[in-house]
Amino acid sequence: MSVRVRYAPSPTGLQHIGGVRTALFNYFFARASGGKFILRIEDTDRERYDPRALQDIYDTFDWLGIQWDEGPRAGGNYGPYFQSERTDLYREYAQKLVASGQAYYCFCSAGRLEQMREQQALEGAGQGYDRHCRNIPPVEALARKEKGEPCVIRLRIPLEGSTGFHDRLIGTIERANKDINPDPVLLKSDGFPTYHLANVIDDHFMEITHIMRAQEWIPSGPLHVLLYQAFGWETPEYCHLPMVMGDDGQKLSKRHGSTSLIEFRGGGYLPEAIINYVSLLGWSYDDSRQMFSRSDLEQLFTLDKLNKAAAVFDYKKLEWFNGIYIRECSEADLARRLLPFLWEENLLGNPPSAREEKTLLDSIPIIRERLHSLADAAGLLRFIFGDAPDYAAEDLLPKKTSAAEALRFLEEIKNLMPGFFDKTDEGNEADFRALSEKLGTRLGNILAPLRVAVTGSKVSPPLFESIRLVGKEKTLARIEKAAGILSKAAG
Ligand code: GLU
Ligand code: ZN
């Protein structure tokens with residue numbers, strides 16, 4: 001039997017870490033076992049449907065480089081892959097359950113259900129549907145329905161016994177039938193299915209072999225098993241994944257930081273880092289190995305290595321992976337990936353000029369080690385691509401140096417600059433050393449105002465390289481500007 005697994009998002013919100021983890025595990029399991037990975041869009045909740053959420057599913061997985069074998073855009077023999085295009089099937093199968101007596105029509109109005117809930121709340125009594133319509137004789141129910149009375153279809157949950165299933169990770173999960181959601185709706189009055197009905201019918205007809213999904217779906221498990229039994233179908237194998245938590249032991253949420261993929265992408269995370277880190281949330285290869293590329297996981301992933309325990313999402317750890325993957329990029333590749341972040345800050349033309357492109361490429365070696373994320377680049381490169389930095393006179397002063405002295409240093413440096421760009425770093429260093437001797441001060445003291453003048457900061461990448469990247473014209477103008485500020489300060 002060949003493996004067929006699916007990711008079945010509802011397009012109601014942005015793709016987040018938990019969903020992506022589910023998708024990746026299904027995808028890697030399919031790849032590693034020579035099976036198929038299916039994307040199915042569970043879009044039957046028309047009120048919560050959001051077309052941007054659908055686009056976000058495509059964008060997220062395109063960005064991660066994850067392709068499904070069957071589903072929207074890919075096609076396949078088990079479609080359509082949008083539940084909203086499969087409603088005839090759901091209606092037909094809901095009817096079958098009514099015909100066999102395993103489901104029934106319920107005519108309760110919204111008003112009656114509301115009253116029922118109020119009454120239950122007052123009495124502190126049981127929750128859920130009171131099975132009011134469960135015993136309407138089928139002939140009568142059919143007649144009412146035929147006359148056009150609005151109705152839903154509910155599953156007749158047995159009042160006795162219990163229902164269970166085996167979860168590959170968690171073991172046996174068993175629930176007394178009387179504790180299962182009493183007679184849940186399968187088909188709504190608008191003819192649309194509920195999640196339970198559509199999900200079970202699709203998993204069956206799409207021949208899904210393993211259901212890997214978040215643990216929050218465990219409570220639905222027994223109900224789904226009852227549905228499989230009602231249809232006389234075999235249940236797939238279940239594997240509910242451990243929760244992803246924040247560092248406080250609560251389910252990962254916005255309170256902890258970014259959770260949607262679009263935020264991580266915008267924050268300058270590499271897809272390689274996300275894939276690697278997210279794959280370790282509830283899975284491990286062995287006790288030590290941490291680095292996994294997408295293609296490693298496509299080969300190595302097995303269900304046996306899933307962990308039962310909840311996984312803690314560690315933002316620092318993700319950042320650490322990100323730094324590693326940033327350092328693994330070739331210079332040209334990294335430069336290309338930085339473009340959108342530099343455009344966002346208006347630091348480069350779109351497309352960049354040939355000169356900008358070259359400068360960017362040349363600046364990679366001096367910033368690469370300092371990048372935790374691609375988004376850090378704009379701050380580090382602003383002095384190269386942006387306007388002259390801002391600073392006050394005191395920023396330009398080395399320790400125990402007056403404005404007049406610092407001004408003198410800069411005036412002398414100005415004389416060196418015309419030759420600077422034609423010399424090697426060694427040649428320039430010799431010039432600056434000679435100058436420091438002439439001025440009777442340490443080399444550091446004359447480089448300090450120069451550094452601030454050109455880069456706007458007391459700590460910058462290596463100074464001579466920074467100056468070369470800024471270029472002659474801008475460097476001279478910045479020294480001029482700094483000299484002006486100092487001369488004002490000197491009075
Ligand atoms: N549409 C459900 C969700 O959004 C699918 C759950 C399942 O995998 O069965 O998570
Ligand atoms: Zn009813």
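Residues numbered from 1 in each chain as written. Chains lettered and ligands numbered in written order. Predicted model: local features only at pLDDT ≥ 70, side-chain atom pairs only at ≥ 80, totals over all residues. Heavy atoms only, no water.

*Asks:* How should the side chain of Arg-86 be read in this particular structure?
*Replies:* You can see Arg-86 is positioned in the loop between helix H2 (51-64) and helix H3 (87-99). A polar atom in the side chain of Arg-86 sits 3.3 Å from the backbone oxygen of Tyr-78. When sequence neighbours within four positions are dropped, the list of residues in contact with Arg-86 reads Tyr-78, Gly-79, Pro-80, Asp-202, Phe-205 and Met-206. (Helix = DSSP H or I, 4+ residues; strand = E, 2+ residues; numbered from the N terminus. Polar contact = N/O pair within 3.5 Å; in protein donor to acceptor, adjacent residues only side chain to side chain. Contact = heavy atoms within 4.5 Å.)

*Asks:* It is not clear to me how the coordination of the zinc ion (ligand 2) should be interpreted in this structure. Could you clarify?
*Replies:* Each pair of donors in an ideal four-coordinate tetrahedral metal site encloses 109.5 degrees, whereas pairs in an ideal six-coordinate octahedral site enclose 90 or 180 degrees. The zinc ion (ligand 2) binds to the protein through Cys-106 (SG), Cys-108 (SG), Tyr-129 (OH) and Cys-133 (SG); the donor distances cover 2.0 to 2.3 Å. One can describe the donor arrangement at the zinc ion (ligand 2) as tetrahedral, given that its four donor atoms subtend angles of 100 to 121 degrees at the metal. The sequence pattern formed by the donor residues of the zinc ion (ligand 2) is C-x1-C-x20-Y-x3-C. Remark: Tyr-129 occurs in the loop between helix H4 (110-123) and helix H5 (138-146) and Cys-108 occurs in the loop between strand S3 (103-106) and H4; sequence separation between them is 21 residues. Taken individually, Cys-108 and Tyr-129 each receive the classification buried, so the pair is uniform in this respect. (Donors = N, O, S within 2.8 Å, 3.2 Å for Na, K, Ca; no water. Tetrahedral: all angles 85-135°; square planar, octahedral: opposite > 155°, others 65-115°. Buried < 20%, exposed > 50% of the residue type's maximum accessible area, 1.4 Å probe, protein only.)

*Asks:* Would you mind showing me how to read the site of ligand 1 here?
*Replies:* Close contacts around ligand 1 come from Arg-6, Ala-8, Ser-10, Glu-42, Tyr-195, Asn-199, Arg-213 and Trp-217, and that covers them all. With respect to ligand 1, the side chain of Asn-199 contributes an N or O atom lying 3.1 Å from an oxygen atom. Its residues assigned to classes, the shell around ligand 1 shows three nonpolar, two polar and three charged. (Near = heavy atom within 4 Å. Nonpolar A, V, L, I, M, F, W, Y, C, P; charged D, E, K, R; others polar.)

*Asks:* Can you walk me through unusual backbone geometry in this structure?
*Replies:* Peptide bonds are trans in most cases, and residues, glycine excluded, mostly fall at negative phi. In this structure, the amide linkage connecting Gly-79 to the following residue, Pro-80, adopts the cis form with an omega of -5 degrees. Topologically, Pro-80 is positioned in the loop between H2 and H3. Here the phi dihedral of Asp-183 falls at roughly 45 degrees; this positive angle occurs in a residue that is not glycine. Here Asp-183 is to be found in the loop between strand S6 (171-176) and strand S7 (185-187). Assessed through its relative accessible area of 0%, Asp-183 is described here as buried.

*Asks:* Please explain the side chain of Gln-83 as it appears in this structure.
*Replies:* Secondary-structure assignment places Gln-83 in the loop between H2 and H3. Classification of Gln-83 by relative accessible area gives buried; the value is 1%. One polar contact links Gln-83 to Asp-202, side chain to side chain, over a distance of 2.8 Å. Among residues more than four places away in sequence, those in contact with Gln-83 are Arg-40, Ile-41, Glu-42, Asp-43, Thr-44, Tyr-90, Ala-198, Asn-199 and Asp-202.

*Asks:* Any chance you could explain the packing of helix H12 (residues 331-344) against helix H14 (residues 376-385) here in plain terms?
*Replies:* The angle between the axes and the distance between the axes are what describe a pair of packed helices. Packing of H12 against H14 brings their axes to within 9 Å, and their N-to-C directions diverge by 75 degrees. In terms of axis orientation, H12 runs roughly perpendicular to H14. Contact residues: H12 offers Leu-338, Phe-341 and Leu-342, while H14 offers Ala-377, Ala-378 and Leu-381. Its residues assigned to classes, the contact of H12 with H14 comprises six nonpolar, no polar and no charged. (Axes fitted to C-alpha atoms, helices over the stretch in contact; angles between N-to-C directions. Parallel < 35°, antiparallel > 145°, perpendicular 65-115°, else oblique.)

*Asks:* Quick question: what am I supposed to make of the environment of His-132 here?
*Replies:* Relative to the elements of secondary structure, His-132 occurs in the loop between H4 and H5. His-132 gets classed as partly exposed once you look at its relative accessible area, which sits at 48%. Considering only alpha carbons, one finds His-132 and Leu-155, 23 residues apart in sequence, at a separation of 13 Å. Not counting residues within four places of it along the chain, the set of residues in contact with His-132 comprises Cys-108 and Arg-112.

*Asks:* Even after reading the chapter, I still don't get the sheet that holds S7, so can you show me in this structure?
*Replies:* Across the sheet, three strands lie side by side as S3-S4-S7; this open sheet has antiparallel pairing. Single-partner strands in this sheet number two, and they are S3 and S7. Along the sheet, successive strands turn relative to each other by an average axial angle of 45 degrees, direction set aside. Of the strand pairs in this sheet, S3 and strand S4 (residues 152-155) are connected by four bridges, and their pairing is antiparallel. Counterpart to Cys-106 in the pairing with S4 is Val-152. (Pairing = 2+ DSSP bridges.)

*Asks:* When you look at the packing of aromatic side chains in this model, what are you seeing that I'm missing?
*Replies:* Aromatic ring pairs are defined here through the distance separating the ring centres and the angle between the ring planes. Applying the stated rule across the entire model yields 29 aromatic pairs. Note on Phe-231 and Trp-233: the rings are 4.2 Å apart at their centroids and 20 degrees apart in plane angle, and the pair reads as stacked. Residue Phe-231 is classed as buried on the basis of its relative accessible area, which comes to 14%. Every member of this aromatic cluster is reached through a ring pair, and the members are Phe-25, Tyr-27, Phe-28, Phe-37, Trp-283, Tyr-285, Phe-292 and Phe-301. The side chain of Arg-73 reaches across the aromatic face of Tyr-58, ending 4.5 Å from its centre. (Phe/Tyr/Trp six-rings, centres within 6.5 Å; stacked < 30°, edge-to-face > 60°. Lys NZ or Arg CZ within 6 Å of the ring centre and 35° of its normal.)

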